[in-house]
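# Descriptive analysis of the structure
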Amino acid sequence: MSPWIVLSVGVVIIAMIYSMRHYRWVKTWALLDIFSGLMVTGKYFFKRKVTTQYPEEETPVSPRFKGMLALRRYENGEERCIACKLCEAVCPALAITIEAKEREDGSRRTTRFDIDTFKCINCGLCEESCPVDSIVLTPESHYCFTERGQNILTKQELLMIGDRYEDQLASDREEDKDHR
C-alpha cells in the first residue's frame, strides 16, 4: 500500500472526529433535536385524527387480554376445579384462598375458592398453572366495587362470571390454540 493512501485515510478519520465534535456542538446550540421532534408533530398535526370516542366506541380486545377472573364449568354443569391448589401456590400476590374436601366418589372439589381482587395483579400465572383450564381471565376490564367486602370474589360469584363469559372464553381459546 502506498504511504499516500494510508496518510489520506488517517486524515479522513481525523477530520471525521473533528467534525463530530463540531456536530455535537451545533446540534446542542441549534436545538436540532427539538426541531426534529416538532417535524414529527407537524407531520401528524394536519392528518385525520384516529381518536376513539370512549365509551361510545369500543376498542378491539385481544383474545389474550387479562381482565376479571372467573371459574369455568364442564358442559354437563359440573365445576372444573379439582382443588389441586396449583393456582394458590403460584400466585405471587397470595390473592387466592382454596379449601377442599373429598367427595364420596373419591374426587376432590373446592368448598371455598376466594380471590381478593385488591391483591390480584392479573398476571395470569394461575390461569397457566391450572391443569383443567378452570380458572381463567376474562376480557372484562370494566368492573368496580362500591362497598367494602365486594373485592373478595367467592366461588359462586366466580362461577357466575364464568357462565356469563363461557361462549366468548371458548371462542378465544379456539382462536388462540396454536399459541398455548
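Heads up: these notes are all about the structure in this document.

Calculation criteria
- Residues numbered from 1 in each chain as written.
- Predicted model: local features only at pLDDT ≥ 70, side-chain atom pairs only at ≥ 80, totals over all residues.
- Heavy atoms only, no water.
- Pairing = 2+ DSSP bridges.
- Helix = DSSP H or I, 4+ residues; strand = E, 2+ residues; numbered from the N terminus.
- Salt bridge = Lys/Arg side-chain N within 4 Å of Asp/Glu carboxyl O.
- Buried < 20%, exposed > 50% of the residue type's maximum accessible area, 1.4 Å probe, protein only.
- Bend = angle between axes of the 7 residues up to and from the residue.
- Contact = heavy atoms within 4.5 Å.

### Considerations on the sheet that holds strand E3 (residues 108-116)
With antiparallel pairing, 3 strands are arranged side by side in an open sheet as E2-E3-E5. Pairing within the sheet leaves two strands with one partner each, and these edge strands are strand E2 (96-102) and strand E5 (152-153). Strand direction decides the pairing type here: E3 and E5, joined by 2 bridges, are antiparallel. Residue Ile 115 lies in a different strand from E5, and its bridge partner there is Leu 153.

### A closer look at the pairing of E3
Each regular strand carries side chains that alternate between the two faces of the sheet. Pairing between E2 and E3: 7 bridges, direction antiparallel. Among the inter-strand pairings, Glu 102 is bridged to a residue of E3, identified as Arg 108. A loop of 5 residues connects E2 with E3, the two strands running antiparallel in sequence, and Gly 106 in this loop sits at a positive phi of about 95°.

### Digging into unusual backbone geometry
Peptide bonds are, in most cases, trans, and in most cases residues other than glycine have a negative phi. Residues Tyr 54 and Pro 55 are joined by a peptide bond in cis, for which omega reads 5°. Tracing the sequence through the fold places Pro 55 in the loop between helix H2 (32-45) and strand E1 (69-71).

### As for the pattern of salt bridges
One pass over the full model with this rule turns up 12 salt bridges. Put simply, Glu 99 and Arg 112 hold a salt bridge, and the shortest N to O gap is 3.2 Å. With Glu 99 in strand E2 and Arg 112 in strand E3, this pair connects stretches of sequence that are 13 residues apart. Residue classification places Glu 99 among the partly exposed residues on the basis of a relative accessible area of 39%. Sharing partners across several salt bridges, the network here consists of Arg 72, Glu 127, Asp 133, Glu 166 and Arg 173.

### Quick word on helix H5 (residues 155-175)
Every α-helix winds through 3.6 residues per turn, so residues three or four apart in the chain are directed the same way. Maximum bend of H5: about 65°, positioned at Tyr 165. Taken residue by residue, H5 has Lys 155, Leu 158, Leu 159, Ile 161, Gly 162, Tyr 165, Leu 169, Asp 172 and Arg 173 as its buried positions. Contacts made by the buried residues of H5 are with E1, E3, helix H4 (125-129), strand E4 (135-137) and E5.

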